[in-house]
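So the chains spell out like this:
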Amino acid sequence: MSSSPADPKLTAQHHSSPSLSSLLLDIAANFQAERVRVRDITESLGQRSFGFILLIFALPNSLPILGIPGVSTVTGLPMLFVAVQMALGHKRVYLPRWIANRSVATVDFQKLINKVAPWLQRIEKLMRPRIMFLTQVNAERLLGTVCVSLAFLLVLPIPLGNLLPALGILFIALGLIERDGVCVLIGIGIGIAAWVFLSGLIWVAVKTVLVMLDRLV
């Protein structure tokens, strides 16, 4: 049985573009300045800015190996700003100067990409264009709303509360970049789990405080 004519064409188009991991490695390897600004990254990424920017900000929170204190609050605010624009249906990402000019040392950026690349390469082997209506423009506003809610969780100062929301945004961003609706669904599922888990933690904390206040009275 012959396959649909659109299938090989779609697969060829998908594989002709550079993979996410190779693109990030290329950006990191060829950057010459001492520091990398957010503006430099977005300009290198071109039209796929929404997915890539969400991914870049989600990565430090979704990798326990980095363990940088307070990183969720620092990266959560820019991620929230980008996700709101996505939810509102903006065509391109606008970043104010205080975000666009934020920078990290090129050496640190290269270390991050080198740690992330092997992990991304494993995921990329499993990804392909599928359930593509979840990655099209009409779905981006809904996905932006989901990312807004997850970025809000990232900003909250909850101990160990950044991993699940960051992973949810990470998989949604990967799905948008690679046009993989299954990956988007995984991200949404992780996002729901994050809300359930963290809402439970917040409820337990509030209930504990109320019990303690009741005993004091």
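Quick look at the structure, then. For clarity, every value in this text was computed on a predicted model and none was experimentally measured.

Scoring rules and cut-offs
Residues numbered from 1 in each chain as written. Predicted model: local features only at pLDDT ≥ 70, side-chain atom pairs only at ≥ 80, totals over all residues. Heavy atoms only, no water. Helix = DSSP H or I, 4+ residues; strand = E, 2+ residues; numbered from the N terminus. Buried < 20%, exposed > 50% of the residue type's maximum accessible area, 1.4 Å probe, protein only. Contact = heavy atoms within 4.5 Å. Areas by Shrake-Rupley, 256 points an atom, 1.4 Å probe, with all protein chains shown as cover. Core = buried A, V, L, I, M, F, W, Y, C linked by side-chain atoms within 4.5 Å. Axes fitted to C-alpha atoms, helices over the stretch in contact; angles between N-to-C directions. Parallel < 35°, antiparallel > 145°, perpendicular 65-115°, else oblique. Left-handed = near helix turned anticlockwise from the far one by under 90°. Nonpolar A, V, L, I, M, F, W, Y, C, P; charged D, E, K, R; others polar. Expected span 1.5 Å × (residues − 1).

The subject of this paragraph is the overall build of the protein chain. Helix and strand content of the protein chain: 10 helices and two strands. Counted from the first residue to the last, the protein chain has its helices and strands arranged as α-α-β-α-α-α-α-β-α-α-α-α. Here the protein chain holds 217 residues, and the buried ones make up 42% of them. Considering only contacts within the protein chain whose residues lie at least 6 apart along the sequence, 77% involve residues at least 24 apart. Carbon and sulfur atoms make up 65% of the accessible area of the protein chain, which amounts to about 12,300 Å² in all.

Let us now look at the side chain of Gln85. Along the chain, Gln85 turns up in helix 5 (residues 71-87). Overall, Gln85 belongs to the buried group, its relative accessible area being 4%. Setting aside residues no more than four positions away along its own chain, Gln85 makes contact with Phe50, His90, Arg92, Val93 and Tyr94.

What follows covers the nonpolar core. Residues Leu20, Leu54, Leu55, Met79, Ile169 and Leu174 are the most contacted members of the largest nonpolar core, which totals 55 residues. A per-element tally of this core places helix 9 (residues 163-178) first, with 10 residues. What Leu54 contacts, discounting residues up to four positions off in sequence, is Met79, Val82, Ala83, Met86, Cys147, Ile169 and Ala173.

As a further point, take the packing of helix 2 (residues 20-30) against helix 7 (residues 106-126). Put simply, helix 2 and helix 7 touch, their axes get as near as 8 Å, and they point 165° apart. As far as their axial angle goes, helix 7 and helix 2 are roughly antiparallel. Between helix 2 and helix 7 the crossing geometry is left-handed. Every residue of helix 7 that contacts helix 2 at Leu20, Ser21, Leu24, Leu25, Ile27, Ala28 and Ala29 is listed here: Phe109, Gln110, Ile113, Asn114, Ala117, Leu120, Gln121 and Glu124. A per-class count over the contact of helix 2 with helix 7 returns 10 nonpolar, four polar and one charged.

Quick look at the environment of Cys183 now. When you line up the elements, Cys183 lands in helix 10 (residues 181-216). A relative accessible area of 5% means that Cys183 is categorised as buried. The residues touching Cys183, leaving out its near neighbours within four places in the chain, are Met127, Phe171, Ile172, Leu174 and Gly175.

Below, the discussion takes up unusual backbone geometry. Positive phi, close to 40°, is recorded for Ile131, a residue that is not glycine. Examined against the element boundaries, Ile131 turns out to sit in the loop between helix 7 and helix 8 (137-155). Ile131 gets classed as partly exposed once you look at its relative accessible area, which sits at 36%. In this structure, Arg179 takes a positive phi of about 60° despite not being glycine.

Right, let's talk about helix 9 for a bit. Helix length check: helix 9, at 16 residues, gives a terminal C-alpha distance of 22 Å against a target of 22 Å (1.5 Å per residue), a fit within 8%. The buried fraction of helix 9 amounts to 14 of the 16 residues, a majority that puts the element mostly inside the structure.

Here we take up the packing of helix 9 against helix 10. Two elements in contact, helix 9 and helix 10, have axes separated by 7 Å at closest approach and are oriented at 165°. It follows from the interaxial angle that helix 9 and helix 10 lie roughly antiparallel. Here helix 9 and helix 10 pass one another in a crossing that is left-handed. Packed against helix 9, whose contacting residues are Leu164, Pro165, Leu167, Gly168, Phe171, Ile172, Leu174, Gly175 and Leu176, the element helix 10 presents Cys183, Val184, Ile186, Gly187, Ile188, Ile190, Gly191, Ala193, Ala194, Phe197 and Leu198 at the interface. A class-by-class count of the residues in the contact of helix 9 with helix 10 yields 16 nonpolar, four polar and no charged.

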